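Geometric and topological summary
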Amino acid sequence: MAGHNKWSKIKRKKGVTDARRSKIWARITREIMVAARESGGSPDMNPRLALAVDKAKGENMPKDNIERAIKRGTGEIEGADYEEGTYEGYAPHGIAVFVETLTDNTNRTVADLRSLFSKAGGNLGTSGSVAFLFDQVAVFEVPTATASGDAVTEDDLFLLVAEAGAEDLRREAADDGDVFVVEAPVEAFGAVQTALADAGIETAEAGLQRVPTTTTALGPDAVASVLRLIDQLDDHQDVQAVYSTLEVDDETLATLEG
């Protein structure tokens, strides 16, 4: 994974303050509302909604909040109408950035993002300016041991997910133990998710991500300037996800974390 994804996990590891938790809950609430609006309010019949609800539970969002978000999405109770959007641009030092948003005011969103890019020494580009540098894929992170302590073997997992349509499986280090990272085409997301669930294998993370097809390594000072922009974008109320072509090695990350 590109360095900014590692940085995101380091930020989460440092602890979720009340303000940060509020932003995370607001972001997931919008995801739930849009998913429910598009395909109905039953997680059993709506994979995107099921994923959003799982994220909410993972962030300890109260059940009542989840249920209200679903009802707002289906129109059972009044709520804002959120629209999905994507924005593309360049951070300092020529690093490509792709931003996914959910907003009830596109004029506000584009103005805010343009300002953030400009103040950081980058620029917000036009649609398609950097999208070709990213592939959208389904990504699942599977702990190497189950909650009960049973080991998940790489060979068995590979056979299971490959049959469901996955194209890549690798082992990566994580903060709380190694994980298997499964990548699959977007259209195979549901099949892989179902295969894992039917086998009783829980995922640490699951969703659609944009993976850079090429990355750029920079020195520590340049990395810090790019990460400042990525952090500011990620903290914006309308932003759901930020991806970039920045590559950061573990040594640089350790320096920044310190």
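In this report, we go over the structure that sits alongside the text. Owing to the predicted nature of the structure, the values given are computational and were not obtained by experimental measurement. Note that residues are indexed from 1 along each chain, following the sequence as it is written. Under the rules for a predicted model, residues below a pLDDT of 70 receive no local features and side-chain atom pairs below 80 are neither given nor counted, while totals for whole chains, interfaces and linings still include all residues. Side-chain numbers come from the whole structure's heavy atoms, not from hydrogens or water.

Observations concerning the overall build of the chain
Secondary structure counts use DSSP, requiring at least four H or I residues in a row for a helix and at least two E residues in a row for a strand, with both numbered from the N terminus. A tally of helices and strands in the chain yields nine helices and 10 strands. Looking at the chain as a whole, 43% of its 258 residues are labelled buried. Residues are treated as being in contact if the distance between any of their heavy atoms lies within 4.5 Å. Long-range contacts, defined here as pairs at least 24 residues apart, represent 70% of the contacts in the chain between residues at least 6 apart. Surface exposure of the chain reaches about 13300 Å², of which carbon and sulfur atoms provide 47%. The rule is simple: take the accessible area with a 1.4 Å probe, protein chains only, and divide by the maximum for that residue type; under 20% is buried, over 50% is exposed, in between is partly exposed. Only the protein chains shown count as cover for residues, and the accessible areas themselves come from Shrake-Rupley with a 1.4 Å probe.

Quick notes on the pattern of salt bridges
Pairing between side chains of opposite charge can happen when the charged atoms of each approach one another. The salt bridge definition used is simple: a Lys or Arg side-chain nitrogen within 4 Å of an Asp or Glu carboxyl oxygen. Across all of its chains, the model carries 12 salt bridges by this definition. Residues Arg 37 and Asp 81 are paired through a salt bridge, measuring 2.6 Å at the closest nitrogen-oxygen approach. With a gap of 44 residues between them, Arg 37 in helix α2 (residues 18-39) and Asp 81 in the loop between α4 (63-74) and β1 (83-90) connect regions that are remote in the sequence. For Arg 170, the salt bridge identified is with Asp 168, shortest N-O distance 2.9 Å. Overlapping salt bridges, with partners in common, bring together Asp 168, Arg 170, Glu 172 and Glu 183 in one network.

Remarks on the side chain of Ser 225
Looking at the element boundaries, Ser 225 is found in helix α8 (residues 220-235). Classification of Ser 225 as buried rests on a relative accessible area of 14%. Each residue touching Ser 225, except ones within four places of it in the same chain, is listed here: Pro 92 and His 93.

Regarding the environment of Gly 207
Within the secondary structure, Gly 207 is located in strand β7 (residues 205-212). Taking the C-alpha atoms as reference points, Gly 207 and Glu 141, separated by 66 residues in sequence, lie 9.4 Å from one another. Beyond its immediate chain neighbours, meaning those up to four positions away, Gly 207 contacts Leu 51, Val 137, Ala 138, Val 139 and Phe 189.

Some points on the pairing of strand β9 (residues 239-244)
In terms of residue burial, β9 counts as a mostly covered element, since six of its six residues are buried. Looking at chain direction, strand β2 (residues 96-103) and β9 are connected through five bridges and run antiparallel. Its bridge partner lying in β9, Val 97 is registered against Ser 244. If DSSP finds at least two bridges between two strands, the strands pair.

Brief notes about unusual backbone geometry
Phi at Asn 60 is positive, roughly 60°, even though this residue is not glycine. Mapped onto the elements of the fold, Asn 60 is located in the loop between α3 (47-58) and α4. Overall, Asn 60 belongs to the exposed group, its relative accessible area being 61%. Positive phi outside glycine occurs at His 93, with the angle close to 65°. Considering the arrangement of structural elements, one finds His 93 in the loop between β1 and β2.

What to know about α8
To estimate the expected span of a helix, subtract one from its residue number and multiply by 1.5 Å. Under the 1.5 Å per step criterion, the end-to-end length of α8 is 22 Å for 16 residues, consistent within 8% with the ideal 22 Å. Buried within α8 are the following residues: Ala 222, Val 223, Ser 225, Val 226, Leu 227, Leu 229, Ile 230, Asp 231, Leu 233 and Asp 234.

Notes on the sheet that holds strand β3 (residues 123-124)
With antiparallel pairing, four strands are arranged side by side in an open sheet as β3-β1-β2-β9. Since the sheet does not close on itself, it has two edges, and those belong to β3 and β9, each with one partner. Pairing analysis gives two bridges linking β1 to β3, with the strands arranged antiparallel. The residue of β3 that forms the bridge with Gly 89 is Leu 124. Helix axes are fitted only over the stretch in contact, all axes being lines through C-alpha atoms; the angle between N-to-C directions runs from 0 to 180 degrees. Across the sheet, α8 touches β2 and β9, and the angle it forms with β9 is around 160°.

Focus on the packing of helix α6 (residues 154-164) against helix α7 (residues 189-198)
The angle between the axes and the distance between the axes are what describe a pair of packed helices. Following both chains from N to C, one finds α6 and α7 inclined at 145°, their axes separated by 8 Å at the closest point. The handedness of the crossing between α6 and α7 is right-handed. Contact with α6, carried on its side by Leu 157, Leu 160, Val 161 and Ala 164, involves Ala 191, Val 192, Ala 195 and Leu 196 of α7 and no other residues of that element. Each residue receives one of three labels: charged for Asp, Glu, Lys and Arg, nonpolar for Ala, Val, Leu, Ile, Met, Phe, Trp, Tyr, Cys and Pro, and polar for the others, Gly being one of them. The residue inventory of the contact of α6 with α7, partitioned by class, reads eight nonpolar, no polar and no charged. The crossing is said to be left-handed when, going from far helix to near helix, the turn is anticlockwise and less than a right angle, and right-handed when the turn is clockwise.

Considerations on the sheet that holds strand β4 (residues 134-143)
Spatial ordering of the open sheet is given by β5-β6-β4-β7, a layout of four strands whose pairing is antiparallel. At either end of the open sheet lies a strand with only one pairing partner, and these are β5 (168-172) and β7. Shown here is a sheet whose adjacent strand axes are inclined to one another by a mean of 30°, direction ignored. Pairing of β5 with strand β6 (residues 179-185), which is carried by five bridges, proceeds in the antiparallel orientation. For Arg 170, the partnering residue across the bridge sits in β6 and is Val 181.

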